[in-house]
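# Observations on the three-dimensional arrangement
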Amino acid sequence: MRIYRPEIHASSETKKLIRLLSRLIADTVGVSTQHRNYPDEGIPLTDVELGELIVLLTKFREQEATYEAAYLVSETFNSSTYTDPSLRKIWTKNRKRLGRSSVMSSAKWEDFMFRLGVGQNYRYAKSNPMTFRHFIKMEEILFHSAGVEPFTVEHLIARIQNVEEKLEKLREIAREGEDQVGDTAIKPLETIQVPDDRSPLSSGWMTSTNKLSAMLTVIVNTTVIFTTRDWGVTGVLSTAAGSMVNALGD
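Thresholds applied
- Every chain begins its residue count from 1, and numbering advances along the sequence as written.
- Local features in a predicted model are, by the rule used here, given only for residues with pLDDT of at least 70; side-chain atom pairs are given and counted only at 80 or more, and totals for whole chains, interfaces and linings are based on all residues.
- Values reported for side chains reflect all heavy atoms of the structure, with hydrogen atoms and water molecules removed beforehand.
- Per the convention used, a helix needs a DSSP run of H or I reaching at least four residues, while a strand needs a run of E reaching at least two, with both numbered from the N terminus.
- Pairs of residues are marked as contacts when any of their non-hydrogen atoms sit within 4.5 Å.
- For Phe, Tyr and Trp, where Trp contributes only its six-membered ring, two rings pair if their centres lie within 6.5 Å, and the inter-plane angle classes them as stacked under 30 degrees, edge-to-face over 60, or tilted in between.
- Relative accessible area decides the class of each residue, using a 1.4 Å probe on protein chains only: under 20% of the type maximum gives buried, over 50% gives exposed, and in between gives partly exposed.
- Across the chain, each position has a pLDDT score giving the predictor's confidence in that residue, from 0 to 100.
- Residues are said to line a cavity or pocket when one of their atoms sits within 4 Å of a point; the points come from a 1 Å grid over protein atoms alone, cavities being sets where a 1.4 Å probe fits but cannot get out and pockets being open sets with protein on both sides within 12 Å along at least five of seven lines.
- Grid points are joined across faces, edges and corners, and a volume is the space filled by probe spheres set on the points.
- Lys, Arg, Asp and Glu make up the charged group, whereas Ala, Val, Leu, Ile, Met, Phe, Trp, Tyr, Cys and Pro make up the nonpolar group; the residues left over, Gly among them, are polar.

Moving on, we get to the overall build of the protein. Helix and strand counts for the protein stand at 11 helices and zero strands. Its helices and strands in sequence order give the protein the pattern α-α-α-α-α-α-α-α-α-α-α, from N to C terminus. Contacts in the protein between residues far apart in sequence, at least 24 positions, make up 74% of those at least 6 positions apart.

Using the criterion set out here, one finds four aromatic pairs in the structure. Between Phe 132 and Phe 135, the ring centres sit 5.6 Å apart and the planes meet at 65°, which makes this aromatic pair edge-to-face. Taken together, the positions of Phe 132 and Phe 135, both in helix H6 (residues 132–145) and three residues apart, correspond to about one turn of that helix. By the burial criterion, Phe 132 is buried, and Phe 135 matches it.

Per-residue confidence for the protein gives a mean pLDDT of 83, with 80% of residues at or over 70. Taking the mean pLDDT of every element in the protein, the minimum, 52, falls on helix H9 (residues 200–203) and the maximum, 97, on H6.

For the rest of this paragraph, the subject is empty space enclosed by the protein. Counting across every chain of the model gives one cavity of 30 Å³ or more. Taken as a whole, the largest cavity holds about 40 Å³ of empty space. Considering the residues around the largest cavity, the lining is formed by Phe 60, Thr 66, Ala 69, Ala 70, Pro 188, Leu 189, Ile 192, Val 218 and Thr 222. For the lining of the largest cavity, the element with the highest residue contribution is helix H3 (residues 64–76), accounting for three residues. Classifying every residue of the lining of the largest cavity gives seven nonpolar, two polar and no charged.

The next thing to look at is the environment of Trp 91. Among the secondary structure elements, Trp 91 is positioned in helix H4 (residues 85–97). Considering only alpha carbons, one finds Trp 91 and Ser 105, 14 residues apart in sequence, at a separation of 9.3 Å. Aside from chain neighbours lying at most four places away, what touches Trp 91 is Leu 72, Ser 105, Lys 108, Trp 109, Phe 112, Ile 225 and Phe 226.

What follows is the structure, given as structure tokens:
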């Protein structure tokens, strides 16, 4: 199936947030060790950039669209809630905000959910559930299109591939009518952590590669969740994967 370029809906502030996190991850995992202009115990961002990063993270986390995207992802994989009309309302409202038609919204929602691999027997499904392999291809294109540094893209994709089994199990649980329990629970907002004391270096926040990777994965993918069907599916799956990566710790 042909993959079209994603419709990335991100403010200038979100785009800058993505660039800063991308740089931070690339350096934290050691890609630029030979080219550093600061000591090993230092950080790859200036004090001004670090302060800006924290402000941008705070603003992003507090946006209504962020809350609604996170809620959609977390509740979509719960069998007791994914049929809740409020989820479709959130999806339809945000798609309309981005200029997409609300005509036949019920049919489009069912097709979206079936493509996501959640639930069964949708009347309006036009395709099969997205395979993990196809999802990874789309995710790689999305990261590059969002301006994530090439090395960081490789790193993020590897992290997502590491949770393939858990992600597929999550889809299976939803299809079989079970709810998230224990380590299968998806909590996207918990991935976007803002240091309270504004001392991320001393708290270990800036050296936690899984947590930084999870944050960037969630942030990038919330920019496409309410766009086209397949990019929306990619966004939901990857946001769930980001939550899983965050839960791994370091």
